[in-house]
Amino acid sequence: MNEELKSTNNAVDFVVCISEMVAGYNERMISYDMDKVMDEAYENEYIDMKKEDLGRALDIFEEDFSDPDAGWLNWECVEIRKWIENKALGSPE
């Protein structure tokens, strides 16, 4: 149970980090590379994401994407899904 809670917390921290970064860039009308934002959040030592946490992160993102007030742009949703799929299928860490 402890590992499941840790994995969920990692996923939540990851999603919040990405969401805040994207919102900040969008509010300031700054263009950004989604892959770079995702990579930096994934590698952040304080978030401690693992490959096995990606499924939970995607579930959280999908719930957020379905909220019309969240403000996600279609291309952002597509890029996040693609990044998570590629990372999950990629080589082991």
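Residues numbered from 1 in each chain as written. Predicted model: local features only at pLDDT ≥ 70, side-chain atom pairs only at ≥ 80, totals over all residues. Heavy atoms only, no water.

A. A negative patch on the surface, seen in detail. A contiguous patch of negative charge on the surface is contributed by Asp 59, Glu 63, Asp 67 and Asp 69. Within the secondary structure, Asp 59 is located in helix α3 (residues 54-65). Classification of Asp 59 as exposed rests on a relative accessible area of 53%. (Patch = residues over 30% accessible without salt bridge, like charges linked within 9 Å, V, L, I, M, F, W, Y side chains within 5 Å. Areas by Shrake-Rupley, 256 points an atom, 1.4 Å probe, with all protein chains shown as cover. Salt bridge = Lys/Arg side-chain N within 4 Å of Asp/Glu carboxyl O. Lys, Arg positive; Asp, Glu negative; His and termini not counted. Charge placed at Lys NZ, Arg CZ, Asp CG, Glu CD. Helix = DSSP H or I, 4+ residues; strand = E, 2+ residues; numbered from the N terminus. Buried < 20%, exposed > 50% of the residue type's maximum accessible area, 1.4 Å probe, protein only.)

B. Fine view of the packing of helix α2 (residues 34-43) against helix α4 (residues 74-89). Contact geometry for α2 and α4: axes closest at 10 Å, N-to-C directions at 50°. When the axes of α2 and α4 are compared, the pair comes out oblique. Crossing geometry of α2 relative to α4 is assigned as right-handed. Across the interface between the two elements, Met 34, Asp 35, Met 38, Asp 39 and Tyr 42 of α2 pack against Trp 75, Glu 76, Glu 79, Ile 80, Trp 83, Ile 84 and Lys 87 of α4. Here the residues of the contact of α2 with α4 are counted per class, giving seven nonpolar, no polar and five charged. (Axes fitted to C-alpha atoms, helices over the stretch in contact; angles between N-to-C directions. Parallel < 35°, antiparallel > 145°, perpendicular 65-115°, else oblique. Left-handed = near helix turned anticlockwise from the far one by under 90°. Contact = heavy atoms within 4.5 Å. Nonpolar A, V, L, I, M, F, W, Y, C, P; charged D, E, K, R; others polar.)

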